[in-house]
Amino acid sequence: MAELRSRRSNLAVPGSNPRFLEKAKGLPADQVFLDLEDACAPLAKPGARKNIVAALNEGGWGEKIRTVRVNDWTTEWTFQDVIEVVGGAGANLDCIMLPKVQDAGQVQALDMLLTQVEKAHGLEVGKIGIEAQIETAQGLINVNQIAFASPRIETIIYGPADFMASINMKSLVVGALHPDYPGDPFHYILMQILMAARARGVQAIDGPFLQVRDVPAFEEVAKRSAMLGFDGKWVLHPGQIDAANEIYAPSQEDYDHAELILDAYEWATSEAGGKKGSAMLGDEMIDEASRKMALVIAGKGRAAGMARTSSFTPPEE
Ligand code: GLV
Ligand code: MG
């Protein structure tokens, strides 16, 4: 996971709105997804494809990961979305996001279509990654096969709004804790998605929180999936970006500590350090498992561009 690009914040931008597309370029999100699906009215979809191709080819997106969400395979739009967007701007695009993925076959169908479009436009085959959104009961029971369905898969994403509809959840407050339910109603779903993503070695991304003016509530929801290990979350509004960037990166203290563990353990296991399999770092005993945990935190911190504020000095004998 350490080499993966950071996806702490993934900004949703409706493809039908050229002003929002322009504004998104300057915002500090790690990733943008330009939407042809649920944020675009059916009559606006053809125009949105053109806006998106133009916005991608104009450039100005900086280091952001650029994704386009196409429509799901049950509609009449998916093939045309892919042909127009990848055909028109494939060189300036990183991933296609496929919503409402039901089974591995839907990912394979997109993989094959992408291969043809890449060949037809002289793009490297396999250039475009796939982000799979899990938003239905059927998608969740197939999530393990979905995660392994194509080498193009880069993320597995939770779509809470569609998911809540799919399972008949009795709440309209998307992604929030509910006063009538003592626990976290989404824990099981988040964990299933996380296990599939980790087994496959790809990123796990939490979906949207719709009360966009309530940043403290966004933070509360984001901290739950960040704590489990999720790599990032959608943001629907510029006001949610800073919170996501902070919550899905390690704290400075945790990052420094992780780098320190890596150095201390490397030294302890070396000839000079006495070839020890476990060692003390201050009051903490560290061993190979500590190194693995530290690698995760250090990897997230490095991907987020964090800098160390302390360094390791071998103890004097
Ligand atoms: C996102 O697409 C969702 O349905 O929550
Ligand atoms: Mg959805």
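Relevant structure appears above.
Residues numbered from 1 in each chain as written. Chains lettered and ligands numbered in written order. Predicted model: local features only at pLDDT ≥ 70, side-chain atom pairs only at ≥ 80, totals over all residues. Heavy atoms only, no water.

**Student:** Looking at this structure, I do not really get the overall build of the protein. What am I missing?
**Tutor:** Helix and strand counts for the protein stand at 12 helices and 10 strands. Over its C-alpha atoms the protein spans a radius of gyration of 21 Å, differing by no more than 12% from the 20 Å that the globule rule assigns to 317 residues. Once the C-alpha set of the protein is aligned to its principal axes, its extents read approximately 75 × 55 × 35 Å. Across the 317 residues of the protein, 50% fall into the buried class. Taking the intrachain contacts of the protein between residues at least 6 apart in sequence as the baseline, contacts between residues at least 24 apart amount to 73%. About 14900 Å² of surface is accessible on the protein, with carbon and sulfur atoms providing 56% of the total. In the protein, which carries 30 positive and 43 negative side-chain charges, the distance between the mean positions of the two groups comes to 5 Å. (Helix = DSSP H or I, 4+ residues; strand = E, 2+ residues; numbered from the N terminus. Rg over C-alpha atoms; globule rule 2.2 N^0.38 Å. Buried < 20%, exposed > 50% of the residue type's maximum accessible area, 1.4 Å probe, protein only. Contact = heavy atoms within 4.5 Å. Areas by Shrake-Rupley, 256 points an atom, 1.4 Å probe, with all protein chains shown as cover. Lys, Arg positive; Asp, Glu negative; His and termini not counted. Charge placed at Lys NZ, Arg CZ, Asp CG, Glu CD.)

**Student:** How should helix H4 (residues 104-120) be read in this particular structure?
**Tutor:** Each α-helix winds once per 3.6 residues, and so residues spaced three or four apart point in a common direction. Counted at 1.5 Å a residue, the expected span for H4 with its 17 residues is 24 Å, and the 25 Å between its end C-alpha atoms agrees. Along H4, the residues that are buried comprise Ala104, Gln106, Val107, Leu110, Asp111, Leu113, Leu114, Thr115, Val117 and Glu118. At its buried positions, H4 is contacted by helix H3 (78-89), strand E4 (95-98), strand E5 (129-134), helix H6 (143-147) and strand E6 (153-158). Of the residues one or two after H4, Gly122 is the one with positive phi, at around 65°. (Expected span 1.5 Å × (residues − 1).)

**Student:** Explain the site of ligand 1 to me, please; I cannot follow it from the model alone.
**Tutor:** In the vicinity of ligand 1, the contacting residues are Arg69, Gln133, Glu135, Gly159, Pro160, Ala161, Asp162, Pro208 and Trp234. Measuring from an oxygen atom of ligand 1, one finds a side-chain N or O atom of Arg69 at 3.0 Å. Interatomic distance of 2.9 Å between a side-chain N/O atom of Gln133 and an oxygen atom of ligand 1. Burial of ligand 1 by the surrounding chains reaches 93%, relative to a free accessible area of 190 Å². In terms of residue count, the dominant contributor to the shell around ligand 1 is helix H7 (residues 160-166) (three residues). Its residues assigned to classes, the shell around ligand 1 shows four nonpolar, two polar and three charged. (Near = heavy atom within 4 Å. Polar contact = N/O pair within 3.5 Å; in protein donor to acceptor, adjacent residues only side chain to side chain. Nonpolar A, V, L, I, M, F, W, Y, C, P; charged D, E, K, R; others polar.)

**Student:** Explain the coordination of the magnesium ion (ligand 2) to me, please; I cannot follow it from the model alone.
**Tutor:** Around a metal, the ideal angle is 109.5 degrees if four donors adopt a tetrahedral arrangement and 90 or 180 degrees if six donors adopt an octahedral arrangement. All of the protein donors around the magnesium ion (ligand 2) are Glu135 (OE) and Asp162 (OD); their distances to the metal are 2.0 to 2.1 Å. Here the residue Glu135 occupies a position in the loop between E5 and helix H5 (137-141), and Asp162 occupies one in helix H7, the gap between them amounting to 27 residues. Overall, Glu135 belongs to the buried group, its relative accessible area being 3%. A relative accessible area of 23% places Asp162 in the partly exposed class. (Donors = N, O, S within 2.8 Å, 3.2 Å for Na, K, Ca; no water.)

**Student:** Is there a simple way to think about the pairing of strand E1 (residues 9-14) in this case?
**Tutor:** Regular strands place side chains that alternate from one sheet face to the opposite one. Most of E1 is tucked away, with six of its six residues classed as buried. Residues of E1 alternate between two faces, with Ser9, Leu11 and Val13 on one and Asn10, Ala12 and Pro14 on the opposite face, all of them buried. Pairing of E1 with strand E8 (residues 232-235), which is carried by three bridges, proceeds in the parallel orientation. Bridge pairing in E8 places Ser9 opposite Lys233. Both E1 and strand E2 (residues 31-35) contribute to a ladder of five bridges, which runs parallel. What sits directly across from Asn10, in E2, is Gln31. Taken together, E1, helix H1 (residues 18-24) and E2 constitute a β-α-β crossover, and its handedness is right-handed. (Pairing = 2+ DSSP bridges. Right-handed = clockwise from strand over helix to strand, strands pointing away.)

**Student:** Help me understand the nonpolar core in this model?
**Tutor:** Burial of nonpolar side chains together is a common tendency in soluble globular proteins. Core analysis: the largest hydrophobic core is formed by 69 residues, its most contacted members being Leu11, Leu34, Val68, Val86, Ile96 and Ile156. Of all hydrophobic cores here, the second largest spans 12 residues; its members include Ala258, Leu260, Ile261 and Ala279. (Core = buried A, V, L, I, M, F, W, Y, C linked by side-chain atoms within 4.5 Å.)

**Student:** Teacher, can you tell me more about the side chain of Ser225 here?
**Tutor:** Looking at where Ser225 falls in the secondary structure, it is placed in helix H9 (residues 215-228). A relative accessible area of 0% means that Ser225 is categorised as buried. Polar contacts involving the side chain of Ser225 include one to the side chain of Asp206, which spans 2.9 Å. A polar contact of 2.6 Å, which involves the side chain of Ser225, links it to the side chain of Tyr248. Residues in contact with Ser225, not counting those within four places in the same chain, are Leu190, Asp206, Phe230 and Tyr248.

Taken by themselves, the reported measurements are silent on function.
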